[in-house]
Amino acid sequence: MASVLTGDERSGVLIVDDDADVTALLAAKLGSTGRAVTVAHTALEAEHRLKEHPPALILLDLVLPDIDGRRLLSKWKGLPETASIPVLVLSAWASGPVRQECLSLGADACFSKPLELEALAREVEKRLRPGEGSPAGFERDLSTGLPNRAGFLKLFRRAELLLPGPQRVISVALMEVDTLAVIRASQGDGAAEDILAWAAKAVGRAIQPMGVLTRWEGDRLAALFPSVATDTAILTLERALGA
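Conventions and cut-offs
Residues numbered from 1 in each chain as written. Predicted model: local features only at pLDDT ≥ 70, side-chain atom pairs only at ≥ 80, totals over all residues. Heavy atoms only, no water. Pairing = 2+ DSSP bridges. Helix = DSSP H or I, 4+ residues; strand = E, 2+ residues; numbered from the N terminus. Axes fitted to C-alpha atoms, helices over the stretch in contact; angles between N-to-C directions. Contact = heavy atoms within 4.5 Å. Buried < 20%, exposed > 50% of the residue type's maximum accessible area, 1.4 Å probe, protein only. Polar contact = N/O pair within 3.5 Å; in protein donor to acceptor, adjacent residues only side chain to side chain. Phe/Tyr/Trp six-rings, centres within 6.5 Å; stacked < 30°, edge-to-face > 60°. Salt bridge = Lys/Arg side-chain N within 4 Å of Asp/Glu carboxyl O.

J.: Before we move on, could you go through the sheet that holds strand β8 (residues 220-226) and cite the residues and values that matter?
T.: Pairing within the open sheet is antiparallel, and its three strands lie in the order β6-β8-β7. Every interior strand has two partners, whereas the edge strands, β6 (170-176) and β7 (212-217), have only one. The average angle at which neighbouring strand axes cross in this sheet is 25°, direction not considered. As judged from the five bridges shared by β7 and β8, these two strands associate in the antiparallel manner. Directly across from Arg-215, in β8, lies its bridge partner Leu-221. Seen against the sheet, helix α9 (residues 230-242) touches β6 and β8 and runs at an angle of roughly 35° to β6.

J.: Provide a residue-level description of the side chain of Arg-215, including the pertinent values.
T.: Structurally, the position occupied by Arg-215 is in strand β7. Accessibility expressed as a relative area gives 8% for Arg-215, which makes it buried. A polar contact of 2.8 Å, which involves the side chain of Arg-215, links it to the backbone oxygen of Gly-218. Those residues within four positions of Arg-215 in sequence are excluded, and the remaining contacts are Asp-141, Ser-143, Thr-144, Leu-146, Pro-147, Asn-148, Arg-149, Arg-184, Glu-193, Leu-196, Arg-220 and Leu-221.

J.: An account of the sheet that holds strand β4 (residues 87-91) is needed here, citing residue identities and associated values.
T.: The strand order across the open sheet formed by five strands is β2-β1-β3-β4-β5, and the pairing between neighbours is parallel. For this open sheet the edge positions go to β2 (37-40) and β5 (109-112), each flanked by a neighbour on one side alone. Averaged over all pairs of adjacent strands, the angle between strand axes in this sheet comes to 20°, irrespective of strand direction. Relative to strand β3 (residues 57-61), strand β1 (residues 13-16) runs parallel, the two sharing four bridges. Bridge assignment links Val-13 to a residue of β3, and that residue is Leu-57. Across the sheet, helix α3 (residues 69-78) touches β1, β3 and β4, and the angle it forms with β3 is around 155°.

J.: Describe the packing of aromatic side chains, listing the residues and the values that go with them.
T.: Within a pair of aromatic rings, the relevant descriptors are the distance that separates the centres and the angle that separates the planes. Applying the stated criterion across every chain yields a total of two aromatic pairs. With a centroid separation of 6.2 Å and an interplanar angle of 25°, the aromatic rings of Phe-152 and Phe-156 are classed as stacked. Residue Phe-152 and its partner Phe-156 are located together in helix α6 (residues 149-162), separated by four residues, close to a single helical turn. By relative accessible area, which is 6% here, Phe-152 ends up buried. Judged by its relative accessible area of 24%, Phe-156 falls in the partly exposed class. When the ring of Phe-152 is compared with that of Trp-216, the centres are 5.2 Å apart and the planes differ by 85°; the resulting orientation is edge-to-face.

J.: Can you break down the pattern of salt bridges residue by residue, with the values?
T.: The final tally for this structure, using the stated rule, is 22 salt bridges. The salt bridge involving Arg-127 is made with Asp-108; its shortest N-O contact spans 3.9 Å. With Arg-127 in helix α5 (residues 117-128) and Asp-108 in the loop between α4 (96-104) and β5, this residue pair connects regions lying 19 residues apart in the sequence. Among the residues examined, Asp-108 registers a relative accessible area of 24% and is labelled partly exposed.

J.: Break down the side chain of Asp-219 for me, with residues and values.
T.: The residue Asp-219 is located in the loop between β7 and β8 in this model. A relative accessible area of 7% places Asp-219 in the buried class. There is a polar contact of 2.6 Å between the side chain of Asp-219 and the side chain of Arg-184. Asp-219 has contacts with Gln-100, Met-175, Glu-176, Val-177, Leu-180, Ala-181, Arg-184 and Leu-196, leaving out every residue within four places of it along the chain.

Listed below in structure tokens is the structure:
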């Protein structure tokens, strides 16, 4: 059975990019604060680095010589042992439909090439600010304050353990705030994230104490209802969304 890594078992930043000039620039910038930085130029090398030295954060280029970076992203975000590691996508394609696809696959942020190093460095610091030794920092979405996908999985497993087997009922609802795509295109990510945070706070409060709202990926939210039948969960959500 694969073990789930906690914050205190991770350290540093893993850069996955086949461009040696880019990795050298990023390593110099991010390593200037004393943080450990490791580099992988292929997906295969990245997998080895991930097992040898689990990072606190990953910078991932989409164009790799041996695989599409989106496949790596999807794989890592789908595995319990790596789902909670923040992944920042770097690519000349990191805008429009590709950006939305990466966010839907679980990317925590996307940066277009040529990179704005200062903005990227600030994002890295923000993502790691809760403390590389703090597991809770990896289980919460910074923009909305909601549990992220890793937090959802932890809550779901806890519900499975606590609820009696034969009578176990766990309802889950996935919701996509599709209007945010238009807002992102017209007003920028900052405005969209502010709106999502406001809406998430209102809905999350409305479904308590029966349910817990989480940020699944990108503009998708997931509501978890332990010991709540599907019909009741749907009714609770409809009331919360209509409030």
